Amino acid sequence: MANILVVDDELGIRDLLSEILNDEGHNVELAENAAQARAARSRTRPDLVLLDIWMPDTDGVTLLKEWSTTGLLSMPVIMMSGHATIETAVEATKIGAQSFLEKPITMQKLLKAVEAGLSRSQPALARKPGAPVSLPMTPAELTVEAAMTGGQPLPPVVDMGPQARQLFELDKPLRDARDDFEKCYFEFHLAKEGGSMTRVAEKTGLERTHLYRKLKQLGVDLSRGKRGG
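Residues numbered from 1 in each chain as written. Predicted model: local features only at pLDDT ≥ 70, side-chain atom pairs only at ≥ 80, totals over all residues. Heavy atoms only, no water.

A. Local environment of the sheet that holds strand S4 (residues 77-81). Reading across the sheet, the five strands line up as S2-S1-S3-S4-S5 and stay open at both edges, with parallel pairing between neighbours. The open sheet terminates on both sides in strands that have one partner only, identified here as strand S2 (27-31) and strand S5 (99-102). Averaged over all adjacent pairs, the angle separating strand axes in this sheet is 20 degrees, with direction ignored. In this structure, strand S3 (residues 48-52) lies alongside S4, joined through four bridges in parallel fashion. Paired with Leu-51 across the strands is Met-79, a residue of S4. Helix H3 (residues 60-69) contacts S3 and S4 of the sheet and is inclined by roughly 145 degrees relative to S3. (Pairing = 2+ DSSP bridges. Helix = DSSP H or I, 4+ residues; strand = E, 2+ residues; numbered from the N terminus. Axes fitted to C-alpha atoms, helices over the stretch in contact; angles between N-to-C directions. Contact = heavy atoms within 4.5 Å.)

B. The pairing of S4, seen in detail. The element S4 is largely enclosed, with a buried count of five among its five residues. Neither face of S4 is exposed, since Val-77, Met-79 and Ser-81 on one face and Ile-78 and Met-80 on the opposite face are all buried. As for the winding sense of the linkage, the β-α-β connection from S3 through H3 to S4 is right-handed. Here four bridges tie S4 to S5, and the two strands are oriented parallel to one another. Across the sheet, residue Met-79 finds its bridge partner in S5, namely Phe-100. (Buried < 20%, exposed > 50% of the residue type's maximum accessible area, 1.4 Å probe, protein only. Right-handed = clockwise from strand over helix to strand, strands pointing away.)

C. Just the packing of helix H1 (residues 11-23) against helix H5 (residues 107-119), in detail. The N-to-C vectors of H1 and H5 enclose an angle of 60 degrees; their axes lie 11 Å apart at closest approach. One finds that H1 runs oblique with respect to H5. Here H1 and H5 pass one another in a crossing that is right-handed. For the pair H1 and H5, the contacting residues are Leu-17, Ile-20 and Leu-21 in the first and Met-107, Leu-110, Leu-111 and Val-114 in the second. Within the contact of H1 with H5, the residues separate by chemical class into seven nonpolar, no polar and no charged. (Parallel < 35°, antiparallel > 145°, perpendicular 65-115°, else oblique. Left-handed = near helix turned anticlockwise from the far one by under 90°. Nonpolar A, V, L, I, M, F, W, Y, C, P; charged D, E, K, R; others polar.)

D. Molecular detail of the pairing of S3. Here S3 lies mainly inside the structure; five of its five residues are buried. Burial along S3 is two-sided: the face carrying Leu-48, Leu-50 and Asp-52 and the face carrying Val-49 and Leu-51 are both buried. With four bridges joining them, strand S1 (residues 3-7) and S3 adopt parallel strand pairing. Each bridged residue has a counterpart across the sheet, and for Val-7 the counterpart in S3 is Leu-51.

E. Just the packing of helix H2 (residues 34-44) against H3, in detail. Between H2 and H3, whose axes approach to 11 Å, the crossing angle comes to 30 degrees. Taken together, the axis directions place H2 and H3 in an arrangement best described as roughly parallel. Judged by the twist between their axes, the crossing of H2 over H3 is right-handed. Contacts between H2 and H3 involve Ala-34, Ala-37, Arg-38 and Arg-41 on the former and, on the latter, Leu-63, Glu-66 and Trp-67. Residues of the contact of H2 with H3, tallied by class, amount to four nonpolar, no polar and three charged.

So yeah, pure geometry; function would need other evidence.
In structure tokens:
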């Protein structure tokens, strides 16, 4: 679980990102402009910042420069924008941004970027003496893909193995057999997605309210797949 600061002047974006990240078990602080972001940065010491580029008072790139020049850029920062050019993404990455997310932001891209950012937030503490150091790319090596992803490879596909296959007793009424299948189906996806209702809803194609009702009806234990804090 991490402390994440979301800085965006659009209420809808703040609410959406907050809901997704809270559902993943993170603590989320919200700011709608640079002034609030400065105060939140000082007050909460976030593990990661999601920073919009276009804001009414001070744009995100300027705030990123400010943090960098004053020694406050001690946490990964992921830039966000629906109108920025690749030049802006490259500039932000050169200043010190971890990566760049283009709006509209899909949940998959958001979670991958956050996971990559948090995995690099404390590299020195996790590295053993004598272990090779992964150096950031120089501006000459910076590509469009690197600017958009922070140079992070996509995480490997998880092989769920035999547990993805189940045997069902078919010598019973259709309703009972169907309930058995659906319960097993949802329990599998809850475990696979670490208990994230947002991910399960997206994976199964169900609206979250409908999904909650369905799980309750089937008697699914919602705590089984939850990640530890």
